[in-house]
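Summary of structural features
Listed here are the chains, written in short residue letters.
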Amino acid sequence: MSKLSSLPDLIQDEIQKASGWLGFERFMAMALYAPGLGYYSGARSPFGPAGDFVTAPAISPWYGHCVARQIIQVLDAIGSDTVLEFGAGDGRLASQILRHAQAVKRPIHYQILELSAGLIKQQQDRIKLEMPALEPQVSWLERLPAAGFRGVMLAHEVLDAMPVRLFVHRCVQQREVQWYERGLSLKAQAQANPATGPDERTCGAQVGHGLPPWQFADRLCDPSWSVRLEALKSSCQQQWQEDWPDGMLIEWHEQAQAWIRSLAGLLEQGLLLLVDYGFPAHEYYLPQREQGTLMTHREHRAGTDVLAGPGQQDLSVHVDFTAIARVALQSGMSLSGYCSQARFLMNTGLLDIAAQWAQTQGHWGSRQAVAALAGVQKLLSEAEMGELFKFMALGRGLENLDLIGFRQGDRSGRLGLEPC
Ligand SMILES: C[S@@+](CC[C@H](N)C(=O)[O-])C[C@H]1O[C@@H](n2cnc3c(N)ncnc32)[C@H](O)[C@@H]1O
């Protein structure tokens, strides 16, 4: 067992072991998931008012009912009762889905695959408290299921928490471009490591509070990466003609793509439903978004000082939905739908649920009703979550099924999947 007891010590050690340069992806993985020390593996819960952020199920209890309607349509069509949720957070979405299934008398077997022991406990406590009768229908997996899965897989804000590689576009001369990968070096080594190139000294960490002993360091990419990055650039430039500026930061979601590939290999029939904030590639990698989308969350404030306080703050990126869909298609899945959160929730009847609830209340004037309406407004509004968040349905063996969540406002055609 390692004698190093703090996450900063572990990261420093890892930088040294990696000959002075550690890729950002590895840093992000440690900051979020280092056993017992990472942001998601520590004792503190990041969710809710006392944590760092809230996700949609905490904004309205009806959110999970809409998701459940989509899930049940697929389960009924394929004759399965299995739902597998990845990274179930504080368990709220699971509880809402189970509640809806119970209300419509549709038995489901709900599985959760969660990386954090602390969150498993939180999920178990919630199910015990809110849905005690359904406890036997919920189980926690320790690893991915065996191939041959039939049912619905659900990943709600999971892709955004997967570590990314960072690349920097450098315009050397008029039309010549060089690609660098961004990583970390220890500050004392910054002047002494010529292998990492000149940018190491100029892209110093925005360290802020805490002053970590590392800083950003950019290293020339090997040619195979340059080819992939140039291909991404030219596919995006088919939508806009402008070149990427000098210093443009590109987030490459290698782990997320590998994960989709492995889930595709396990899914025999059913749906993988992905929900997250993000865009198609040509919107994601806009020249104007030159600093990428990587951000921190702490105590309900977003920030950009990603190197500070590893394990103490959330790190997340937006999702490149074009890349996700492309990998899924290459892995034999079909793209069964892609739309904004607002569309999905309207398609699955959020407003009907709200109206029915209002009837039981008698009027919309109570404090409770105003709060309920505010939640619906936040989920649907373009200025809040309605447009930035997307639902993507990746299916196998669902060819003739018209998914209720995507009946109107499907934007699959905007993903720019052709030609690629
Ligand atoms: C932003 S939180 C979202 C939690 C919850 N789904 C929600 O929306 O409130 C991201 C979650 O994804 C989980 N996660 C990341 N990678 C995962 C993986 N490969 N398998 C399962 N869960 C994963 C993290 O542990 C974390 O709980």
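This one's a predicted model, so the numbers in the text were calculated from it and none came from an experiment. (Residues numbered from 1 in each chain as written. Predicted model: local features only at pLDDT ≥ 70, side-chain atom pairs only at ≥ 80, totals over all residues.)

This part takes up the site of the ligand. Surrounding the ligand, one finds 16 residues, the nearest of these being Thr 55, Gly 87, Gly 89, Glu 157 and Ala 161. Within the shell around the ligand, the residues separate by chemical class into 10 nonpolar, five polar and one charged. (Near = placed C-beta within 6 Å. Nonpolar A, V, L, I, M, F, W, Y, C, P; charged D, E, K, R; others polar.)

Here the focus is the domain arrangement of the protein. Per the domain assignment, the segments of the protein are domain 1 (7–38 + 165–252) and domain 2 (56–161 + 257–286 + 316–415). One C-alpha centre belongs to domain 1, the other to domain 2, and the line joining them spans 33 Å. Taken together, the contact pairs nine residues of domain 1 with six residues of domain 2. Counting only elements with at least two residues in the side of domain 1 that touches domain 2, the list comes to helix 2 (24–33), helix 8 (223–237) and strand 9 (248–252). At three residues, the largest contribution of residues to the side of domain 1 that touches domain 2 is made by helix 8. Split into classes, the residues belonging to the side of domain 1 that touches domain 2 amount to six nonpolar, two polar and one charged. (Domains from an automatic or database assignment. Contact = placed C-beta atoms within 7 Å. Helix = DSSP H or I, 4+ residues; strand = E, 2+ residues; numbered from the N terminus.)

Our next topic: the sheet that holds strand 12 (residues 301–303). Here we have three strands laid out as an open sheet, ordered 12-11-13, and antiparallel in their pairing. Looking at the sheet topology across the chains shown, the edges are occupied by strand 12 and strand 13 (314–316). Sheet twist, expressed as the average angle between the axes of neighbouring strands with direction ignored, equals 30 degrees. (Pairing = 2+ DSSP bridges. Axes fitted to C-alpha atoms, helices over the stretch in contact; angles between N-to-C directions.)

Let's shift gears to the environment of Asp 90. Structurally, the position occupied by Asp 90 is in the loop between strand 2 (82–86) and helix 5 (92–103). Asp 90 sits in the buried class, given 21 other C-beta atoms within 10 Å. Along the sequence, Asp 90 and Leu 229 sit 139 residues apart, while their C-alpha atoms lie 37 Å from each other. (Buried ≥ 20, exposed ≤ 12 C-beta atoms within 10 Å, placed from the backbone.)

Glancing now at the nonpolar core. With 109 residues, the main nonpolar core has Ile 71, Ile 97, Val 152, Leu 273, Leu 274, Ile 324 and Met 392 as its most contacted residues. Per-domain counts for this core show at least three residues from each of domain 1 (7–38 + 165–252) and domain 2 (56–161 + 257–286 + 316–415). Dropping the residues within four chain positions of it, Leu 273 is found in contact with Gln 70, Val 152, Leu 154, Phe 391 and Ala 393. (Core = buried A, V, L, I, M, F, W, Y, C linked by C-beta atoms within 7 Å.)

Turning to helix 1 (residues 7–17), its buried residues are Leu 7, Ile 11 and Ile 15. Seen along its axis, helix 1 keeps its buried residues to an arc of 75 degrees; they face one direction. Turned more than 90 degrees away from the buried face of helix 1, the exposed residues are Gln 16 and Lys 17. Each element contacted by the buried residues of helix 1 is listed here: strand 1 (22–23), helix 2, strand 7 (177–186) and strand 8 (214–220). Remark: Ser 19 follows helix 1 within two positions and exhibits a positive phi of approximately 60 degrees. (Arc of directions from axis to C-beta.)

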